[in-house]
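Structural overview for review
Letter by letter, the chains look like this.
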Amino acid sequence: MARCWLVKSEPDCYSFDQLVADGRTAWEGVRNYQARNYMRDDMRVGDVVLYYHSSTAVPAVVGLAKVASEAYPDATQFDPANEYYDPKATAAAPRWYLVDLEPVRPLARPVTLAELRADPRLARMQLLARGNRLSVMPVDPEHVKRVEELAAA
DNA sequence: GCCAACGTTGGC
DNA sequence: GCCAACGTTGGC
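Numbers given for residues are sequential positions, taken from 1 along each chain in its written order. Each chain takes a letter, starting from A, and each ligand takes a number, starting from 1, following the order in which they are written. Residues qualify for local features only when their pLDDT is at least 70, as the model is predicted, and side-chain atom pairs are given and counted only at 80 or more; totals for whole chains, interfaces and linings, by contrast, use all residues. With hydrogens and water excluded, all non-hydrogen atoms of the structure serve as input to the side-chain values.

Right, let's get into the nonpolar core. Ranked by internal contacts, the top residues of the largest apolar core, which has 42 residues, are Leu6, Trp27, Leu50, Val136 and Val147. No other element matches the 6 residues that strand β4 (residues 60-67) contributes to this core. Any two residues whose heavy atoms approach within 4.5 Å at even a single point are treated as in contact. With residues near it in sequence (within four places) discarded, valine 147 still touches Leu50, Val61, Leu107, Val111, Leu116, Leu122 and Met125. Each nonpolar core is a collection of buried residues, namely Ala, Val, Leu, Ile, Met, Phe, Trp, Tyr and Cys, held together in the definition by side-chain atoms within 4.5 Å. Accessible area is worked out with a 1.4 Å probe on protein chains only. A residue is then buried under 20% of its type maximum, exposed over 50%, and partly exposed in between. Runs of H or I in DSSP of at least four residues are treated as helices and runs of E of at least two as strands, each being numbered from the N terminus.

If you want it as structure tokens, here you go:
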């Protein structure tokens, strides 16, 4: 069974609709080691990804995506003009890795953070853990299934 | 805009 | 290796 994941994105920055429009995107700009490690070490092509909109009026899971590539160095770390430039990274020793994502489909309707919190079956979801700030994290497949159920309800 | 939580940095 | 200071995240 493939592993499942959740990625956060601010919709004003890069929304799920934008991913659908683009058809595929490099998940650039992640600058947290744990999130990097998940992408670099644990993600596999075809893994299911919940797409979550954060820092917005109604935070919610809005769509399903999938991992579309193995991990490779994030090119933005090498570009001094890019906001994600990292002067300590070199081509010989990249610091940041990413994967490509492809959209699968939007949820029938967004499942809000408040709904997730209200569902006892999702109580152990890592997204809901106190103080969680990771932008890339694993999700239990049962929790993915439950989110899809809520979206269809 | 506020604030709690957390990660990173850098002095020692 | 400790830890205070600082910056960022993200809900509200």
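It is worth spelling out the pairing of strand β1 (residues 4-9) at this point. On a regular strand, one side chain projects to one face of the sheet and the next to the other, so that they alternate. Buried residues dominate β1, accounting for 6 of its 6 residues. Residues Cys4, Leu6 and Lys8 line one face of β1 and the alternating positions Trp5, Val7 and Ser9 line the opposite face, and both faces are buried. Alignment of β1 against strand β3 (residues 48-53), held across 6 bridges, turns out to be parallel. For tryptophan 5, the partnering residue across the bridge sits in β3 and is valine 49. Here, any two strands with at least 2 DSSP bridges between them count as paired.

Turning next to the environment of tyrosine 84. The topology assignment puts tyrosine 84 in the loop between β5 (72-73) and β6 (97-98). Ignoring any residue separated from it by four or fewer positions in sequence, one finds tyrosine 84 in contact with Gly29, Arg31, Thr76 and Gln77.

Among the 8 residues of β4, 7 are classified as buried, and the element is accordingly described as predominantly covered. The pairing of β3 with β4 spans 6 bridges and is classified as antiparallel. Following the sheet pairing, valine 48 is matched in β4 by lysine 66. What sits between β3 and β4 in their antiparallel hairpin is a turn of 6 residues, with serine 55 showing a positive phi close to 50°. Pairing analysis gives 7 bridges linking β4 to strand β7 (residues 100-112), with the strands arranged antiparallel. Pairing of lysine 66 across the sheet is with glutamate 102, part of β7.

Here the focus is the protein's contact with DNA strand C. Near residues are defined by distance, with any heavy atom within 4 Å of the molecule or strand qualifying the residue. Inspection of the region around DNA strand C gives Lys8, Tyr52, Ser54, Ser55, Pro59, Leu113, Arg133 and Leu134 as its neighbouring residues. The definition of a polar contact used here is a pair of N or O atoms within 3.5 Å, where within protein one atom must be able to donate a hydrogen and the other to accept one, and adjacent residues in sequence count solely through side-chain atom pairs. Arginine 133 has a polar backbone atom sitting 3.1 Å from a phosphate oxygen of DNA strand C. Tallied by class, the residues present in the surface near DNA strand C amount to 4 nonpolar, 2 polar and 2 charged. Classes in brief: Ala, Val, Leu, Ile, Met, Phe, Trp, Tyr, Cys and Pro nonpolar; Asp, Glu, Lys and Arg charged; the others, Gly included, polar.

Side-chain rings of Phe, Tyr and Trp (the six-membered ring for Trp) are treated as a pair once their centres are within 6.5 Å; stacked means planes under 30 degrees apart, edge-to-face means over 60, and tilted covers the remaining angles. Within this structure, the stated rule accounts for 5 aromatic pairs. Aromatic side chains tryptophan 5 and tyrosine 38 sit 5.6 Å apart centroid to centroid with 55° between the ring planes, which places their arrangement in the tilted category. Taken together, the positions of tryptophan 5 in strand β1 and tyrosine 38 in helix α3 (residues 33-42) put the pair 33 residues apart, joining distant regions of the chain. By relative accessible area, tyrosine 38 is classed as buried at 14%. Ring pairs connect the aromatic residues Tyr14, Phe16, Trp27 and Tyr51, which therefore count as one cluster.

The environment of DNA strand B is formed by Tyr33, Arg130, Gly131 and Arg133. Those atoms of DNA strand B that come within 4 Å of the protein belong to sugar or phosphate at a rate of 59%. At 3.2 Å from a phosphate oxygen of DNA strand B is found a main-chain nitrogen or oxygen belonging to arginine 130. When the residues that make up the surface near DNA strand B are grouped by side-chain class, the tally is 1 nonpolar, 1 polar and 2 charged.

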